[in-house]
Each structure stands twice: as structure tokens, then as C-alpha cells.
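Residue-level listing of the chains:
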2 protein chains.
Amino acid sequence: MRADYRLPRLFIDGDLSEAKPVVLTKDQSNYLLNVLRMDDSAPLLLFNGRDGEWRAALRRSGKKGGVLEIGEQVRPQPPMPDLHYLFAPLKVGRMDYMVQKAVEMGAGIIQPVQTQHTQMPRINAGRLEANMREAAEQCGILTLAELRPMQKIGPLLEGWNPARRIVFCDEDATDDDPVPILSRLTPGPMAVLIGPEGGFSDDERRMLRALPFVTAIPLGPRILRADTAAVAALALVQAVCGDWRGNVHDDRVTDD
Amino acid sequence: MRADYRLPRLFIDGDLSEAKPVVLTKDQSNYLLNVLRMDDSAPLLLFNGRDGEWRAALRRSGKKGGVLEIGEQVRPQPPMPDLHYLFAPLKVGRMDYMVQKAVEMGAGIIQPVQTQHTQMPRINAGRLEANMREAAEQCGILTLAELRPMQKIGPLLEGWNPARRIVFCDEDATDDDPVPILSRLTPGPMAVLIGPEGGFSDDERRMLRALPFVTAIPLGPRILRADTAAVAALALVQAVCGDWRGNVHDDRVTDD
């Protein structure tokens, strides 16, 4: 069931199923009262990543605070999306954007990967998780994707569950056609890997191409920025193999 | 032939084929000398949107200026991409990003469209064109996409050349599968239409669905931000119908 995108949506940290009123934090008050300028008794939707989506109403108390009265559940909790998104960190602003897009596109695991040409030696997990929550709020996504600690690409691939296919974008694979490559894959759990702006090193590319659970796809004749390639690759994977295929619902979640 | 993305690339406004040295403007000097910190005789690539791509070398004169000595042509001028990109304007920062992505994804015509729920009543053409040039510089694109004046959606569709198919993303078409829909289309010139963040109005959606040259595609079960939908839709169209199909080269350019 699609989200009702006309109502504001808020992530809250507490329990929803007990119907206890939710006291707004300072940030939440600011967002609802000052940014969205919601009136008393205005409706909104709440989610906490585990109890589905609930309708609620704002009860203002004074100028700066309020409580949310919980109403009915409007959508049940869906299964976690089973798509993993692996990416080399970018500079902060672009990376905020990139993880938002990955959540919008249905990734369930967000895995930063350190590669030879990666620009950033570390990530700000709190900031990325805030961006992931915001994308879920804005796009009616009721599951909270999991941000995993950054790993170097070698160890990540060494410990990889070979049942999960990795699709990566290979700038050198320009004579092929991505849709037929993807449509020939055996259905199953998948991951999309996006390299850094400078691309993978020759060693890394050789390593990837030698792995039986890795598939390289081209993304056209032009150079793409990493965040463009991310959305493009996710779109192709979701449309050919994933949950963009209309009534196909992939409820299996693999524990990896 | 793919761009050499290891060298800096600069758009210049003048002629390239005469091999006359190019005197750098103040902005260009700042970019090459201060931002990129290029040394004397460092190589770069130049393009002007009509003469292909040429290798050049920087000759610094003093701390603040320089000339570019033109060397050999390294890539011929390719044909203009024939894909049109139609979009409802977004708030300025997101729109900068969106037009960059459209250029990276191979659009040749960038057409802003005023719709009922569009947030922005006008666009800053100079700013958008600067973003389009920057995307071309960074991604090795040698053609300069054309930015057309904004039009209201009604008149735009009334004057539309019916030989060019418009693919638009319909939030309500969630039971279909985008790849088969696109693969059944007769090959020919295409356009991708992205609505505003609030979506098309019911009247607009009815009007679009009634036109014989318009095809609606779903983009999965989640809500997408307009700029995410843009890249996703362009990726699907380019991969199924356009120039991402490996060795298929579509050199026809339709005059519309």
C-alpha cells in the first residue's frame, strides 16, 4: 500500500502500539510547529521502524511544545528491503544526498566501503543516519535501513556471503548492454556497489571481475558522477531484478 | 570514444580549430591556477560545444593569468544527443543538481515546464546553463545541451511533435513493470517528463494519459523525490531505448 504523501510524516523513537501520547522533543516541536506550522489537531503520520504507520494528531501546549495523540494504524510494518547498497564515501554534502537516494530506492543495508581512491577516510555515522531517517520520513518508507561500519573493500569481499550477488558499475565495460546482463541473473538477494569518484583501481577492478558472485554492468557511454551512477544502477537493478517489477514482492530477507 | 577523465576539462567560448592560443578569463584563471593548482605546461582538455575535444597546455604568465596553447584534437564532435528532458522546476539548489544529472544522463534539450503544483514561477537561465556547462566539463560531454524557455504544460503538449514519445512517471501506475512497457515502444525520438514534488494534478494526469504520444511508467512502490525520479527514469529510458545499449548509436537528430 502506498504512503499517503499529503500528510507530514515523523519518525519517533518510542513505542506506537500502546496508543500512549508522544511528548515532542525540542527538535520535533521545532519541525512541526515552526517549520511545518501545524495547527492544533492537525493530522500527521508516525513510524518507528517496527510498528508500521500510525495516524496521529498534534495537540499543541503553548507556543513551543506539544504532544501527539496516537490514532489508528494505517499501514502494517512491511518486511525489510533485502537490497544492500555498497559505496565508497564521498565528500559530506554529496554523501548525505547519496544515502538519501539509496533509502528512496529501497536499500535495506547501507555499507560504506573504503577503496584505494576513496576521498574520505571516515564517515559521520550520526549524520548519515539522520539523513537516512529523513529520507524515510519524506518518502513514506516505514523500515529503517541499517548503516554498517565502513570496511575496506578487500576484507568486505573476503567475508562476503556468495549467495548475495554484487552488481558493480564498470567504467570499462562500455560495449555491453546492462538490461540483458541483469535479466540473465538468477533471482536472489543482491547488492549494488558504487566506486569512488576516481573509480576503482586496476587491482580492485581485477579482483572484482574475478569473483563468481560479482557482475559488472556498464552505465552508458558517458562518465557519471558517483551519486548519479548510484541512482541509475539502483534503478536498473530494482526494475530488472527487484521490487519495481509491479506485483512481484520479494519478502525473503537473507541474514547477511 | 570515452573521455579521458584524468585530465581537467574546460569549456571555452572561442574557436578551437585555428590553433590560436586562448587567453584565460579571470574566472578561468582562478579555476585552473587556484582551484586546480595547475603548473606551467600542465595538460588539459578543451571543448566549445562544436569543434570536438582538443588537448592543450597551460602557459602561466605571472601569478594570476595565463594562456592555453592548443595542441591536437583528441575527439571529434559527436552528434547532439536526441533525448529531451522535461521537468517542473524545483527549488534552486535541487534544480542545479537536477539539470547536471540530466546532462550526465545524455539529454540534449532541457525544457522547464510549468505545472499546477510547480514550486517555482521562474527559472534562472544563466545559472542553469552554468550548471549544464559544468556537468559537461566534469563528465567529458562535448555537446552543449540547449536550455529552452519555460512553458506551461498545456501549450507545450498542444504544440508537441507527436513523433517524439514522452515518457512520464506516474505515481498512480504502480501495478505495472517499467522495463517491459519501455521495451515495447517503437524505436524513435524520446522525451522524459518529470513532474513537480507535489506530483501532477488529476487534470494534468488525465490530459497526459489521453495523449497517444505519451507513455506512463511506474517507478516502484516507494515515493521518489523529483530529482531521484529524474535519474531513475532517464536510466531506464537510456538503458532500454537509448544509447546505453552498448553498440547501438542513434545518430539521427530530429529537428524539434
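Residues numbered from 1 in each chain as written. Chains lettered and ligands numbered in written order. Predicted model: local features only at pLDDT ≥ 70, side-chain atom pairs only at ≥ 80, totals over all residues. Heavy atoms only, no water.

- Identification of chain A as Ribosomal RNA small subunit methyltransferase E from Notoacmeibacter marinus is taken from an unreviewed UniProt entry.
- The Function (unreviewed entry) comment attached to chain A in UniProt states, word for word, "Specifically methylates the N3 position of the uracil ring of uridine 1498 (m3U1498) in 16S rRNA. Acts on the fully assembled 30S ribosomal subunit."
- You can read under Catalytic activity (unreviewed entry) in the UniProt record for chain A the words "uridine(1498) in 16S rRNA + S-adenosyl-L-methionine = N(3)-methyluridine(1498) in 16S rRNA + S-adenosyl-L-homocysteine + H(+)". (UniProt positions renumbered as here; feature names shortened; annotations may be inferred.)

### Side note on the domain arrangement of chain A
The parts lose accessible area when they come together, and the size of an interface is often stated as this lost area.
Residues and elements named next belong to chain A.
Thought 1: Split by domain assignment, chain A resolves into domain 1 (9–75) and domain 2 (83–240).
Thought 2: Taking the mean C-alpha position of each, domain 1 and domain 2 sit 34 Å from one another.
Thought 3: Listed by partner, the interface residues are nine residues for domain 1 and nine residues for domain 2.
Thought 4: Together, Arg9, Phe11 and Phe47 form the three largest contributors to the area buried by domain 1 at its contact with domain 2, with a combined 61%. (Domains from an automatic or database assignment. Contact = heavy atoms within 4.5 Å. Buried area = accessible area lost by both parts, 1.4 Å probe.)

### Some points on the relation of the copies chain A and chain B
Thought 1: Placing chain A over chain B gives an RMSD of 0.0 Å and needs a rotation angle of 180°, together with 0.0 Å of translation along the axis. Expressed as a symmetry operation, the mapping of one chain copy onto the other fits a two-fold axis. Measuring from the rotation axis to each C-alpha of chain A, the shortest distance belongs to Ala232(A), at 2.7 Å.
Thought 2: Most of the interface of chain A is mirrored in chain B, where 100% of its interface residues again form contacts. (Least-squares fit on C-alpha atoms with pLDDT ≥ 70 in both.)

### Focus on the sheet that holds strand β4 (residues 53–61) of chain B
Residues and elements named next belong to chain B.
Thought 1: Strands sit in the order β1-β3-β4-β5-β2 across an open sheet of five strands; the sheet is mixed. Of all strands in the sheet, those bounded by a partner on one side alone are β1 (9–11) and β2 (22–23).
Thought 2: Bridge count for β2 against strand β5 (residues 65–75) is two bridges, and the pairing is antiparallel. In the strand pairing of β5, valine 23 is matched with valine 67.
Thought 3: Where helix α1 (residues 26–35) meets the sheet, it contacts β1, β2, β3 (43–47), β4 and β5, and its direction lies at approximately 175° from that of β1.
Thought 4: Helix α3 (residues 125–138) rests against β1 and β3 of the sheet, and its axis sits at about 150° to β1. (Pairing = 2+ DSSP bridges. Helix = DSSP H or I, 4+ residues; strand = E, 2+ residues; numbered from the N terminus. Axes fitted to C-alpha atoms, helices over the stretch in contact; angles between N-to-C directions.)

### Focus on the interface of chain A and chain B
Thought 1: Between chain A and chain B, the residue contacts involve 43 residues of the former and 43 residues of the latter.
Thought 2: Of the roughly 3900 Å² buried between chain A and chain B, counting both surfaces, carbon and sulfur atoms make up 55%.
Thought 3: At the boundary of chain A and chain B, one finds four salt bridges.
Thought 4: Arg222(B) is paired through a salt bridge with Asp243(A); the nearest N and O atoms lie 2.8 Å apart.
Thought 5: At the boundary of chain A with chain B, the tally comes to 19 residue pairs in polar contact (both at pLDDT 80 or more).
Thought 6: The element that contributes the greatest number of residues to the side of chain A that touches chain B is helix α7 (residues 226–240) of chain A, accounting for nine residues. (Salt bridge = Lys/Arg side-chain N within 4 Å of Asp/Glu carboxyl O. Polar contact = N/O pair within 3.5 Å; in protein donor to acceptor, adjacent residues only side chain to side chain.)

### Brief notes about the state of the cysteines
Residues and elements named next belong to chain A.
Thought 1: Here the structure, examined in full by the defined rule, presents zero disulfides over all chains.
Thought 2: Cysteine cysteine 169 is unpaired, with the sulfur of cysteine 241 as its nearest cysteine sulfur at 13 Å.
Thought 3: Given the relative accessible area of 13%, cysteine 169 is considered buried. (Disulfide = S-S within 2.5 Å. Buried < 20%, exposed > 50% of the residue type's maximum accessible area, 1.4 Å probe, protein only.)

### Looking at the sheet that holds strand β4 (residues 53–61) of chain A
All names here are of chain A.
Thought 1: The strand order β1-β3-β4-β5-β2 describes an open sheet built from five strands, whose pairing is mixed. At either end of the open sheet lies a strand with only one pairing partner, and these are β1 (9–11) and β2 (22–23).
Thought 2: Relative to strand β3 (residues 43–47), β1 is paired through three bridges, and the arrangement is parallel. If you follow leucine 10 over to β3, its bridge partner there is leucine 46.
Thought 3: Against the sheet, helix α1 (residues 26–35) engages β1, β2, β3, β4 and β5 (65–75), with an angle of about 175° to β1.
Thought 4: Helix-sheet contacts for helix α3 (residues 125–138) involve β1 and β3, and the interaxial angle to β1 is about 150°.

### Here's the deal with the packing of helix α2 (residues 92–104) of chain B against helix α7 (residues 226–240) of chain B
Residue and element names in this part refer to chain B.
Thought 1: Direction vectors running N to C along α2 and α7 enclose 5°, while the axes themselves pass 10 Å from each other. By the criterion of interaxial angle, the relationship of α2 to α7 is roughly parallel. On α7, the residues that touch Arg94, Tyr97, Met98, Lys101 and Ala102 of α2 are Ala226, Asp227, Ala230, Val231 and Leu234.
Thought 2: Class assignment of the residues belonging to the contact of α2 with α7 gives a composition of seven nonpolar, no polar and three charged. (Parallel < 35°, antiparallel > 145°, perpendicular 65-115°, else oblique. Nonpolar A, V, L, I, M, F, W, Y, C, P; charged D, E, K, R; others polar.)

### Points about the packing of helix α2 (residues 92–104) of chain A against α3(A)
Geometrically, a packed helix pair is captured by the angle between its two axes and the distance between the axes.
Residues and elements named next belong to chain A.
Thought 1: At a minimum axis separation of 8 Å, α2 and α3 run at an interaxial angle of 40°. Overall, the two elements α2 and α3 adopt an arrangement that is oblique. The interaxial crossing formed by α2 with α3 has right-handed handedness. Of the residues in α3, those touching α2 at Val92, Met95, Asp96, Val99, Gln100 and Val103 are Arg127, Leu128, Asn131, Met132, Glu134, Ala135 and Ala136.
Thought 2: Among the residues forming the contact of α2 with α3, the class breakdown is eight nonpolar, two polar and three charged. (Left-handed = near helix turned anticlockwise from the far one by under 90°.)

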